[in-house]
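Working through the structure, step by step
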Amino acid sequence: MASSEQRNKNCKRNDYINWHDYFMATAFLAAKRSKDPSSQVGACIVNEDKKIVGIGYNGMPLGCSDEEFPWAKNSEDVLENKYFYVCHAELNAVLNKNSADVKNCTIYVGLFPCNECAKVIIQAGIKEVIYLSDKHSQKSSTIASKKLLNAAKVKYWQYQPNQSKIVIDFDEINWNDMNQLPQSPEKYDVTEKNDVLLSVEKLRL
Ligand SMILES: [Zn+2]
């Protein structure tokens, strides 16, 4: 709040978030929808005009109940693990697109895409992948993914956010409203009245 209080209301704000933070934060917000207990990933696809054209997060396919399909990772019965069933964020973001296609778009994603998502990204015509974490870089699926992306000349790079936390505070909108109210012209009068009351009380005493 301090920065808002000190803001010069006659000039442009300087503490607005940049485009990369904005799109990455959108991917992270989408990830909050995920029911996966161990991995929540979001993806946000942006076109060349910096318009968001698709958002997705990892989850079960439509009609496949979150309650019935498994979320486990290490069950001995592979049919009881999530891997055969879950749609990754990148796939969902492409399939959720609100434009005719996502050619030449950029995809923002929390985690480096796996090989299956790399295929989707390439086939959809996405030209750039901006990711935050590459924690699975040693996994075969990530190594294969990079082979595919390199061959298809899809650019990828790791983003370092400008700010490590972006807080969404639903109360902020009211705080701003309060701030826009004109200053009370009666402040001095109120003090006067109080003074009078105090005096009356003194007289009574
Ligand atoms: Zn994937």
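Predicted model, so just to flag it, every value in this text is computed and none were measured. (Residues numbered from 1 in each chain as written. Predicted model: local features only at pLDDT ≥ 70, side-chain atom pairs only at ≥ 80, totals over all residues.)

1. Description of the confidence of the model for the chain
Counted only if it meets this: Per residue, pLDDT captures the predictor's confidence, and it can take any value from 0 to 100. We call two residues in contact when their backbone-placed C-beta atoms lie within 7 Å.
Predicted confidence across the chain gives a mean pLDDT of 88, with 82% of residues reaching 70 or more. Below pLDDT 50 for its whole length, residues 190–205 participates in 0 contacts with residues either more than four positions away or in separate chains.

2. Some thoughts on the pairing of strand β2 (residues 52–57)
The criterion, for reference: Criterion used throughout: strands pair if DSSP finds at least two bridges between them. Helix and strand definitions follow DSSP, with helices as H or I runs of at least four residues and strands as E runs of at least two, each counted in order from the N terminus.
Bridge analysis of strand β1 (residues 42–46) against β2 gives 5 bridges, and the strand direction is antiparallel. The residue bridging C44 from the neighbouring strand is I55, located in β2. Connecting β1 to the next strand, β2, in antiparallel fashion are 5 residues, including K50 with a positive phi near 65°.

3. Quick look at helix α2 (residues 19–31)
We apply this condition: Multiplying 1.5 Å by the residue count of a helix minus one yields the expected span of that helix. The burial label depends on the number of other C-beta atoms within 10 Å of a residue's C-beta. Counts of 20 or more mean buried, 12 or fewer mean exposed, and intermediate counts mean partly exposed, with C-beta atoms placed from the backbone. It is the directions from the helix axis to the C-beta atoms whose arc is reported.
For α2, which comprises 13 residues, the first-to-last C-alpha distance of 18 Å matches the rise-based estimate of 18 Å (1.5 Å per residue) to within 8%. Of all the residues in α2, the buried ones are F23, M24, A27, F28, A30 and A31. Viewed end-on, α2 has its buried residues packed into an arc of 160°, placing them on one side of the element.

4. Regarding helix α4 (residues 115–124)
Residues spaced three or four apart along an α-helix face the same direction, because each turn holds 3.6 residues. Considered for burial, the residues of α4 that qualify are C117, A118, V120, I121 and A124. Looking straight down α4, one finds that the buried residues subtend no more than 160° of arc, so they occupy a single side. Looking at the buried side of α4, the elements it contacts are α3 (89–95), β3 (106–111), β4 (128–133) and α5 (140–151).

5. Some remarks on the sheet that holds β1
For sheets, the rule is that strands pair by backbone hydrogen bonds, running either parallel or antiparallel. As a reminder of what qualifies: Note on definitions: angles span 0 to 180 degrees between N-to-C directions of axes, and those axes are lines fitted to C-alpha atoms, for helices only across the stretch in contact.
If you walk across this open sheet you meet the 5 strands as β2-β1-β3-β4-β5, and the pairing is mixed. Lying at the two open borders of the sheet, with one neighbouring strand each, are β2 and β5 (155–158). When the angles between neighbouring strand axes are averaged without regard to direction, this sheet yields 15°. Here 5 bridges tie β3 to β4, and the two strands are oriented parallel to one another. By the bridge assignment for β4, V109 is matched with Y131.

6. Quick look at the nonpolar core
Let me state the cut-off plainly: The term nonpolar core means buried Ala, Val, Leu, Ile, Met, Phe, Trp, Tyr and Cys residues held together as one set by C-beta atoms within 7 Å.
A27, C44, I45, I107 and V109 are the most contacted members of the largest nonpolar core, which totals 35 residues. Those elements giving two or more residues to this core turn out to be α2, β1, β2, α3, β3, α4 and β4. With 6 residues, α2 is the largest single contributor of residues to this core. What C44 contacts, discounting residues up to four positions off in sequence, is F23, T26, A27, A30, I52, I55, A93 and Y108.

7. Points about unusual backbone geometry
Even without being glycine, K50 reaches a positive phi, approximately 65°. When you line up the elements, K50 lands in the loop between β1 and β2. In this structure K50 comes out as exposed when scored by C-beta crowding, with 10 C-beta atoms within 10 Å. Positive phi, normally seen in glycine, also occurs at K153, with a value near 60°. For K153, the position within the fold is in the loop between α5 and β5.

8. Focus on the packing of α4 against α5
The following threshold applies: Relative orientations are named as follows: roughly parallel for angles under 35 degrees, roughly antiparallel for angles over 145 degrees, roughly perpendicular for angles from 65 to 115 degrees, and oblique for any other angle. By the definition used in this description, the sense in which the near helix is turned from the far one sets the handedness, with an anticlockwise turn below a right angle giving left-handed and a clockwise turn giving right-handed. Three classes are used: nonpolar for Ala, Val, Leu, Ile, Met, Phe, Trp, Tyr, Cys and Pro, charged for Asp, Glu, Lys and Arg, and polar for all others, with Gly counted as polar.
Taken N-terminus to C-terminus, the directions of α4 and α5 make an angle of 20°; their axes are 8 Å apart at the nearest point. If you check the angle between α4 and α5, you find them roughly parallel. As α4 packs across α5, the resulting crossing turns out to be right-handed. Contacts from N115, A118, K119 and I122 in α4 reach S141, A144, S145, L148 and L149 in α5. Considered class by class, the residues forming the contact of α4 with α5 number 5 nonpolar, 3 polar and 1 charged.

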